[in-house]
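Each chain is listed here by its residues.
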Amino acid sequence: MRLLDILLGRSKPVAPDLDQLFALPSAAITLEAAAGFTPTGHGSVCFATVEGAAFEDVRQEVRALLDADAERTGPPVEVSRDSYGYTWLVSRRSPEDLPALVGDLHAVNSALEGSGFGPQLLCSVVGFRGGGDERRPLGLVYLYKRGSFYVFAPLPGGGERRDSALELQVRAVLANDLRLEPDLSRWFPVWGAPGVG
């Protein structure tokens, strides 16, 4: 970083480190032991919608790759669009098979990045439930452009309200397991994220 950048408060963006996703299974064990949250088996990758044949080809390749997994049970990989115009590629696995789900998310991110669509990648989300109430949702969100995670805890019952106290509690629990986003203003709500809410 140059001296002028330091003086003007400009910072260099953190490079994405997709291997950070592989810390999620270990973090899930900590999260269950300390707060009672368990994986739902739902995970998704969010990206800005891009039109064009090249992007559609990559989406089809990713879906075919993940759906070809002989170990996959349940519905195939789905692609959906939320009310904000973002596209979500959703993978479902057995709740006990978080490593396979993380592998799916890593493969999707890597395929999109490798095909030149890294700038469109926004985040990856893994869903959890529990904390003493099986209906209580929680998401661990990986910010692609920041290379860090944050906690998203929507309040159950609908509406766009979040449980900030729970988010901070889980942040403290996972401080040694994940690279957490230190800037709380970047803990964006991901309303409507598949598997969370």
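In the block above lies the structure referred to throughout.
Residues numbered from 1 in each chain as written. Predicted model: local features only at pLDDT ≥ 70, side-chain atom pairs only at ≥ 80, totals over all residues. Heavy atoms only, no water.

K.L.:
Account for the overall build of the protein chain, with residues named and values stated.
P.N.:
When its secondary structure is counted, the protein chain shows 5 helices and 6 strands. Secondary structure elements in the protein chain, listed N-terminal to C-terminal, are α-α-β-α-β-β-α-β-β-β-α. Out of the 197 residues in the protein chain, the part that is buried amounts to 42%. Excluding contacts between residues fewer than 6 apart, the proportion of contacts in the protein chain whose partners are at least 24 apart in sequence is 65%. Counting every atom, the protein chain has about 9700 Å² of accessible surface; 55% of that belongs to carbon and sulfur. (Helix = DSSP H or I, 4+ residues; strand = E, 2+ residues; numbered from the N terminus. Buried < 20%, exposed > 50% of the residue type's maximum accessible area, 1.4 Å probe, protein only. Contact = heavy atoms within 4.5 Å. Areas by Shrake-Rupley, 256 points an atom, 1.4 Å probe, with all protein chains shown as cover.)

K.L.:
Just give me the short version of the environment of L184, but keep the residues and values in it.
P.N.:
For L184, the position within the fold is in the segment after α5 (164-173). Here L184 falls in the partly exposed class, since its relative accessible area comes to 41%. A C-alpha to C-alpha distance of 8.5 Å links L184 and Y150, two positions 34 residues apart in sequence.

K.L.:
Just give me the short version of the pattern of salt bridges, but keep the residues and values in it.
P.N.:
In total, this model carries 7 salt bridges according to the counting rule given. With a closest N to O distance of 2.0 Å, D163 and R136 form a salt bridge. Of this pair, D163 sits in the loop between β6 (148-152) and α5 while R136 is found in strand β5 (residues 133-143), placing the two residues 27 residues apart along the sequence. The exposure class of D163 is buried, given its relative accessible area of 14%. A relative accessible area of 22% means that R136 is categorised as partly exposed. A salt bridge links R146 to E181; the nearest nitrogen and oxygen atoms lie 2.8 Å apart. Of this pair, R146 sits in the loop between β5 and β6 while E181 sits in the segment after α5; the two residues are 35 residues apart in sequence, bridging distant segments of the chain. What makes R146 partly exposed here is its relative accessible area of 27%. (Salt bridge = Lys/Arg side-chain N within 4 Å of Asp/Glu carboxyl O.)

K.L.:
I'd love a proper account of the state of the cysteines, names of residues and values included.
P.N.:
For the structure on display, the rule yields 0 disulfides. Not part of a disulfide, C46 finds its nearest cysteine sulfur in C123, a span of 4.7 Å. (Disulfide = S-S within 2.5 Å.)

K.L.:
So what's going on with the side chain of R93? Residues and values would help.
P.N.:
Here R93 is to be found in the loop between β3 (86-92) and α4 (98-117). A polar contact is formed between the side chain of R93 and the side chain of D104, at a distance of 3.0 Å. (Polar contact = N/O pair within 3.5 Å; in protein donor to acceptor, adjacent residues only side chain to side chain.)

K.L.:
Pulling in residues and values, what's your account of the sheet that holds β3?
P.N.:
Taken in spatial order, the 6 strands line up as β2-β3-β1-β4-β5-β6 in an open sheet, and their pairing is antiparallel. Of all strands in the sheet, those bounded by a partner on one side alone are β2 (78-81) and β6. Adjacent strand axes in the sheet meet at a mean angle of 25°, parallel and antiparallel pairs treated alike. Taken together, the 7 bridges between strand β1 (residues 37-48) and β3 define a ladder with antiparallel strand orientation. From the neighbouring strand, A48 faces β3, where its bridge partner is Y86. Where helix α3 (residues 53-67) meets the sheet, its contacts fall on β1, β2 and β3, and the angle it forms with β3 comes to roughly 10°. Sitting on the sheet, α5 is in contact with β1, β5 and β6, with an inclination near 140° to β6. (Pairing = 2+ DSSP bridges. Axes fitted to C-alpha atoms, helices over the stretch in contact; angles between N-to-C directions.)

K.L.:
I'd love a proper account of the packing of aromatic side chains, names of residues and values included.
P.N.:
With the rule as written, the count across this model stands at 3 aromatic pairs. Pairing F152 with W191 gives two aromatic rings, centres 5.2 Å apart and planes at 75°, and the pair type is edge-to-face. Pair noted here: F152 is in strand β6 and W191 is in the segment after α5, with a separation of 39 residues, a long-range link. Of the two residues, F152 and W191, both sit in the buried class. (Phe/Tyr/Trp six-rings, centres within 6.5 Å; stacked < 30°, edge-to-face > 60°.)

K.L.:
Can you explain the side chain of S124? Please cite residues and give values.
P.N.:
Note that S124 resides in strand β4 (residues 121-130). A polar side-chain atom of S124 sits 2.9 Å from a polar atom in the side chain of N109.

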